Amino acid sequence: MRTCLVVALTVVVSVGSKGSSQTPNDGGPADTANDHLVGPEINLGGGGGDAADGRDGADAPPACTGPRCPIVLATDSNPACCVVADGTYVYWASYSAGSVYPINRVLAAGGAPEYFESSDFIIDDMVIKDGALYWAASNGIFRRDLAGARGSATKIGSGSPNYGSIGVDSNFVYWADVAGTRIHKTPVAGGTTVDFATTTQAQYVATDGTNVYWSDQDLQGGAFVTAPVGGGTPTVLAMDLSNPGDIVVDATNVYFANSSTLFGTKFWKVPRGGGTPVMVALSPDFATYEIAVDATDIYWAAYNKIGKAPIGGGSVTTFATGQEGAMSIAVDASNVYWLNTDGGALMKLAK
């Protein structure tokens, strides 16, 4: 599970001078519109329900209270994090009572869930890129080809990644160390890991293949920062962010979230490569860290519901209700997927 790690550190990042996009206010820029097999702790079943997984009735997936009801795509007694989708399968990671932390998958169209791979340590984030699944665990960065056999995963980078997201392009994986004081750069095929940038408290990381973007909890009151993939002086795109969260990149923009107990969560977008951030939506939901974006909308998990707003600006709506423990979210061309941790389920709802 991605969590917000806040540690006071003294290392300072070098930043550029785009002062026009560093406007302080109440929490953001100016408001303009190797191989382990099945363990007994993990219970999977496509049909859901207590009979399938041994949970009591109080923990069953919640009843739908909205106009359109999500379905249980798979049940899991210990869902952990990191829902990702490739258009055919949906992948997610589980906790375990032992030393095995499974990665599971199920057909997006429905069917029997299956074990895809496993880790010796808790998994913090997963990314699909160019036919491979990458993940960060507390003991390093790993890769497995989607078409590869179970047990074929490769450790491509050593170290201790932070509890935020990782960024992957066709050449490198970018990730923050557990202290948040460095962004590292690891070749996707494995090799030497190098320091990409010095930071104060980096957590969430993303890349579009041209630039790397990250959130820094401590820099300038909380900042959203970027630097070219080839290296160079980082540039602060937004500062005075009370609690910067997840980052998502599409073909045009970079989107990021900023949460506060005062105003809830603001969702921002900024053109890839830099520019002035524009607020896409303001939600009253606090502690919204994980987001997903498609061609028209931004979606987020807000513990007890799934929210939605147009990426071009517009009203916030509730996409799904009754989702106690909602976390980690992904989209494909047809559906939105998320974990319901209280209900022990991977959920699906058509757009």
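Just so it is clear, the model here is predicted, and its values are computed rather than measured. All chains use their own residue numbering, which begins from 1 and follows the written sequence. Note on the predicted model: pLDDT of at least 70 is required for a residue's local features to be given, and 80 or more for side-chain atom pairs to be given and counted; whole-chain, interface and lining totals, by contrast, use all residues. Derived side-chain values reflect all non-hydrogen atoms in the structure, with water molecules and hydrogen atoms excluded from consideration.

## A closer look at the overall build of the protein
Right, on to step 1. Check the secondary structure of the protein and you find one helix and 29 strands.
Right, on to step 2. In the protein, which comprises 351 residues, the proportion classed as buried is 54%.
Right, on to step 3. Split by element, the accessible area of the protein, about 12,800 Å² in all, is 53% carbon and sulfur. Secondary structure elements are defined from DSSP: runs of H or I of at least 4 residues count as helices, runs of E of at least 2 residues count as strands, and each element is numbered from the N terminus. Only protein chains enter the accessibility calculation, which uses a 1.4 Å probe; a residue whose area is less than 20% of its type maximum is buried, one above 50% is exposed, and one in between is partly exposed. Accessible surface is estimated by sampling points in the Shrake-Rupley manner with a 1.4 Å probe; for residues, cover comes only from the protein chains shown.

## Quick look at unusual backbone geometry
Right, on to step 1. At D130, a residue that is not glycine, the phi angle is positive and equals roughly 50°.
Right, on to step 2. Relative to the helices and strands, D130 is located in the loop between β7 (123-129) and β8 (132-137).
Right, on to step 3. You can call D130 exposed: its relative accessible area is 53%.
Right, on to step 4. Here S328, not a glycine, exhibits a phi torsion of approximately 55°, which is positive.
Right, on to step 5. As for its placement among the helices and strands, S328 is situated in strand β27 (residues 326-331).
Right, on to step 6. On the basis of relative accessibility, which here comes to 2%, the residue S328 falls in the buried class.

## Considering the sheet that holds strand β14 (residues 194-198)
For sheets, the rule is that strands pair by backbone hydrogen bonds, running either parallel or antiparallel.
Right, on to step 1. Taken in spatial order, the four strands of this open sheet run β11-β12-β13-β14, and their pairing is antiparallel. The open sheet is flanked by β11 (167-168) and β14, the only strands paired with a single partner.
Right, on to step 2. Sheet topology note: the β11/strand β12 (residues 172-176) ladder contains two bridges and is antiparallel. For V168, the partnering residue across the bridge sits in β12 and is V173. Strands pair, by our definition, only if DSSP identifies at least two bridges between them.

## Side note on the pairing of strand β15 (residues 202-207)
Right, on to step 1. When you tally the buried positions in β15, you get six out of six residues, the bulk of the element.
Right, on to step 2. Summarising the sheet, β15 and strand β16 (residues 211-216) pair through four bridges and their orientation is antiparallel. Bridging across to β16, T207 finds its partner in V212.
Right, on to step 3. If you look at the hairpin formed by β15 and β16, you'll find three residues sitting between the two strands, and G209 has a positive phi there, around 90°.

## Considering the packing of aromatic side chains
Within a pair of aromatic rings, the relevant descriptors are the distance that separates the centres and the angle that separates the planes.
Right, on to step 1. When the centres of two rings from Phe, Tyr and Trp lie within 6.5 Å, Trp using its six-membered ring, the rings pair. Their planes under 30 degrees apart give stacked, over 60 give edge-to-face, and anything left gives tilted. Enumeration according to the criterion identifies ten aromatic pairs in this entry.
Right, on to step 2. Seen in terms of ring centroids, W135 and F142 are 5.9 Å apart; in terms of plane orientation they differ by 10°. Their pairing is stacked.
Right, on to step 3. According to the relative accessible area criterion, F142 is buried, its value standing at 7%.
Right, on to step 4. A ring pair is formed by Y213 and F224, whose centres lie 6.1 Å apart and whose planes are at 15°; its orientation type is stacked. Separated by eleven residues along the polypeptide, Y213 in strand β16 and F224 in strand β17 (residues 223-228) bring together distant segments of the chain.
Right, on to step 5. Judged by its relative accessible area of 1%, F224 falls in the buried class.
Right, on to step 6. Put simply, the rings of F172, Y174, F196 and W214 touch in pairs and so form one group of aromatic residues.

## Considering the nonpolar core
Right, on to step 1. Ranked by size, the top nonpolar core spans 27 residues in total, and within it V83, V90, I123, M126, L133 and L346 carry the most contacts.
Right, on to step 2. Those elements that place two or more of their residues in this core are β2 (71-76), β3 (79-85), β4 (89-94), β5 (101-107), β7, β8, β27 and β28 (335-340).
Right, on to step 3. Element by element, the count of residues in this core is highest for β3, at five residues.
Right, on to step 4. In what follows, residue pairs with any heavy atoms lying within 4.5 Å of each other are defined as contacts. Residue contacts for M126: discarding those within four places in its chain leaves C82, V84, Y91, W92, A93, I103, L133, Y134 and W135.
Right, on to step 5. Listed in part, the 16 residues of the second largest apolar core include Y174, A197, A202 and V229. Within this scheme, the nonpolar core is defined by two criteria: the residues are buried Ala, Val, Leu, Ile, Met, Phe, Trp, Tyr or Cys, and they are joined through side-chain atoms within 4.5 Å.

## A short note on the pattern of salt bridges
Right, on to step 1. Any Lys or Arg side-chain nitrogen located within 4 Å of an Asp or Glu carboxyl oxygen qualifies as a salt bridge. As enumerated under the stated definition, the model contains seven salt bridges in all.
Right, on to step 2. Taking the shortest distance from any N to any O, the salt bridge between R105 and E114 comes out at 2.5 Å.

## Observations regarding the sheet that holds strand β20 (residues 253-260)
Right, on to step 1. Here we have four strands laid out as an open sheet, ordered β19-β20-β21-β22, and antiparallel in their pairing. Both outer strands of the open sheet, β19 (244-249) and β22 (278-283), are each paired with one neighbouring strand and no more. Between one strand and the next, the sheet's axes are offset by a mean angle of 20°, whatever the strand orientation.
Right, on to step 2. Summarising the sheet, β19 and β20 pair through four bridges and their orientation is antiparallel. In the strand pairing of β20, V249 is matched with V254. Helix axes are fitted only over the stretch in contact, all axes being lines through C-alpha atoms; the angle between N-to-C directions runs from 0 to 180 degrees.

## Some points on the confidence of the model for the protein
Right, on to step 1. pLDDT measures the predictor's confidence residue by residue and takes values from 0 up to 100. For the protein, per-residue confidence averages 83 on the pLDDT scale, and 80% of positions sit at 70 or higher.
Right, on to step 2. Residue range residues 1-28 is modelled with pLDDT below 50. Its contacts to residues more than four positions away, or to other chains, number 96 contacts.
Right, on to step 3. Low confidence marks residues 30-58, where pLDDT is under 50. Its contacts with residues over four positions away, or in another chain, come to 74 contacts.

## Side note on the environment of G343
Right, on to step 1. Considering the arrangement of structural elements, one finds G343 in the loop between β28 and β29 (345-350).
Right, on to step 2. Distance in space between the C-alpha atoms of G343 and E324 is 7.3 Å, their sequence separation being 19 residues.

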